[in-house]
Amino acid sequence: MNNAYAAFAARRLVQALVVILLAYVFTFVVVSILPGDPITNVLRDPQNGFSEDEIRQIIAAQGLDQPVLVQLWTSLTRFLTGDFGLSMRSSRPVGTLIAEVLPSTLILASSGFAVALVLATGIAYGTQLVPKRYGQGLLRGFPSLFLSVPNFVIGLVLIHLFGFQLGLFRVIAPNSFWATVFAAIALGIPVSAQIAEVLIANLDHERAQDYAAVARSRGLGPFRLFARHLLKPSSLPVVTIIALTLGELLGGSLITETVFGRTGIGSLVQRSVSTQDLPVLQAVVSLAAVVFVLVNLLADLVYPLLDPRVKLVGAASRRPTTADDGASQAVTP
């Protein structure tokens, strides 16, 4: 690792930390100005049976009797140490509530991501292998079709066909193997569309280059040409697209969990919204922002390692002109 890359990585890490802090402050401000008083709605609910003395003690323990800036500082310092506070509905640590449901969401999100990569790579390879007269145009139309159908519609179709009609999984057992597989398919199909579109466009570009023509003249078959010469250079922009589609993957996980009846972050958010459990909502939104920023940071750090032609622009140099989200400072001359 040379000094230029180390400086580039350090600079991007600092930028990521700043973005995470700003995202948390923004979330705190938005949550603080939401209509409705969570103290009145939760603590003063007659079903909870809190007395006025108990309510005052809870308010003091939560720090809600302090000025907003003091609350922000206290909340931010706790967040940096991994303390997300207590749930206003159950009085349990928010970190414990998230830890109980996070594994289910991670399994679904990672499975959906794997499905998206397999689908995108298969479709892209098919467009390079299948002749035009044998359905290449149909394969090229799949990404647009996948992108136009919401994942909850795909989920309902899969539940009806494979759950009720074929009986491959039981709706009352949403965490079973086959239920997880079809939930991952419902999540991965829309996500694969953007990856496939970018990969197909770059494969077409690389296939038209001189080195690809030389490789074909040497007798390389379609699969060897695809795997050895076309896939790697065509995959570089896909790294950025994968990072940008993470938000869709996370949001789709919440919707897919609701459709398939899975207990995960989606159900936790749904309960927290209905009960105005603001500490839980703030923690979930902040953690989602952290994951999104870290994945984009990883994409920025990996991109120069994958392409030796990438030039790292210093802080005193001109602003980068990339084809991705504009946040990267890696420029291909």
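Residues numbered from 1 in each chain as written. Predicted model: local features only at pLDDT ≥ 70, side-chain atom pairs only at ≥ 80, totals over all residues. Heavy atoms only, no water.

How do you make sense of the side chain of T127 when you look at a structure like this?
With respect to the secondary-structure elements, T127 resides in helix α5 (residues 94–129). In contact with T127, not counting residues within four places along its chain, are Q136, L139, R140 and I200. (Helix = DSSP H or I, 4+ residues; strand = E, 2+ residues; numbered from the N terminus. Contact = heavy atoms within 4.5 Å.)

Sorry, what's going on with the confidence of the model for the chain here?
Keep in mind that low pLDDT regions are not for reading the predicted coordinates in detail. Per-residue pLDDT for the chain has a mean of 79; in total, 85% of the residues score no lower than 70. Taken as a whole, residues 314–333 scores under 50 in pLDDT and shows 41 contacts with residues more than four places along the chain or in a different chain. (pLDDT = per-residue confidence, 0-100.)

It is not clear to me how the UniProt feature "transmembrane region" (unreviewed entry) in the chain should be interpreted in this structure. Could you clarify?
As annotated by UniProt and renumbered to match this structure, "transmembrane region" (unreviewed entry) occupies residues 12–34, 101–125, 145–164, 176–200, 238–260 and 280–303. Each end of residues 280–303 is marked by a C-alpha atom, and these two atoms are 35 Å apart; helix forms 100% of the span and strand 0%. (UniProt positions renumbered as here; feature names shortened; annotations may be inferred.)

Explain the packing of aromatic side chains to me, please; I cannot follow it from the model alone.
Two measures describe an aromatic ring pair: the distance that separates the ring centres and the angle between the ring planes. Here the structure, examined in full by the defined rule, presents 9 aromatic pairs. Look at Y5 and F8: their rings are 6.2 Å apart centre to centre, the planes differ by 45°, and that puts the pair in the tilted class. Of this pair, Y5 and F8 both sit in helix α1 (residues 3–32), 3 residues apart, which is roughly one turn of that helix. Here Y5 and F8 have matching classes, each one buried. Look at Y24 and F79: their rings are 4.4 Å apart centre to centre, the planes differ by 25°, and that puts the pair in the stacked class. Of this pair, Y24 sits in helix α1 while F79 is found in helix α4 (residues 68–80), placing the two residues 55 residues apart along the sequence. (Phe/Tyr/Trp six-rings, centres within 6.5 Å; stacked < 30°, edge-to-face > 60°. Buried < 20%, exposed > 50% of the residue type's maximum accessible area, 1.4 Å probe, protein only.)

When you look at a nonpolar patch on the surface in this model, what are you seeing that I'm missing?
Together, F152, V153, L156, V157 and I255 line one region of the surface with nonpolar side chains, adding up to about 410 Å² of accessible area. For the nonpolar patch, the leading source of residues is helix α7 (residues 151–165), giving 4 residues. Looking at where V157 falls in the secondary structure, it is placed in helix α7. (Patch = residues over 30% accessible without salt bridge, like charges linked within 9 Å, V, L, I, M, F, W, Y side chains within 5 Å. Areas by Shrake-Rupley, 256 points an atom, 1.4 Å probe, with all protein chains shown as cover. Salt bridge = Lys/Arg side-chain N within 4 Å of Asp/Glu carboxyl O.)

Looking at this structure, how should I read the environment of S192?
Tracing the backbone shows S192 in helix α8 (residues 177–207). The spatial distance from the C-alpha of S192 to the C-alpha of V118 is 8.3 Å, given a sequence separation of 74 residues. Non-local contacts of S192, meaning those with residues more than four positions away in its chain, are made with A116, L119, A120 and F146. A distance of 2.7 Å separates a polar side-chain atom of S192 from the backbone oxygen of I189. (Polar contact = N/O pair within 3.5 Å; in protein donor to acceptor, adjacent residues only side chain to side chain.)

When you look at the layout of surface pockets in this model, what are you seeing that I'm missing?
A water-sized probe, rolled over the atoms, reveals where empty space remains. Taken as a whole, the largest pocket encloses approximately 750 Å³ of empty space. In terms of lining residues, the largest pocket is bounded by 32 residues, among which L106, L246, L250, A288 and V291 are the most central. Of all the elements in the fold, those that place two or more residues in the lining of the largest pocket are α5, α10 (222–244), α11 (246–260), α12 (265–275) and α13 (278–306). Element by element, the count of residues in the lining of the largest pocket is highest for α13, at 10 residues. Per-class residue counts for the lining of the largest pocket are 27 nonpolar, 5 polar and no charged. No fewer than three residues from each of domain 1 (1–89 + 278–314) and domain 2 (98–274) sit in the lining of the largest pocket. (1 Å grid on protein atoms, 1.4 Å probe; cavity = no way out; pocket = protein on both sides within 12 Å on 5 of 7 lines; lining within 4 Å. Points joined across faces, edges and corners; volume = space filled by probe spheres on them. Nonpolar A, V, L, I, M, F, W, Y, C, P; charged D, E, K, R; others polar. Domains from an automatic or database assignment.)

How do you make sense of the nonpolar core when you look at a structure like this?
In summary, soluble globular proteins display a tendency toward joint burial of nonpolar side chains. Counting 34 residues, the largest nonpolar core has F169, I195, L203 and F260 as the members making the most contacts within it. The set of elements that each furnish at least two residues to this core consists of α5, α7, α8, α9 (210–217), α10 and α11. In terms of residue count, α8 provides more of this core than any other element does, 13 residues in total. With 12 residues, the next largest nonpolar core counts Y5, F8, V290 and V293 among its residues. (Core = buried A, V, L, I, M, F, W, Y, C linked by side-chain atoms within 4.5 Å.)

Teacher, can you tell me more about the side chain of Q128 here?
With respect to the helices, strands and loops of the structure, Q128 is situated in helix α5. Among the residues examined, Q128 registers a relative accessible area of 10% and is labelled buried. Discounting chain neighbours no more than four positions away, the residues touching Q128 are R140, I200, L203, D204 and R207.

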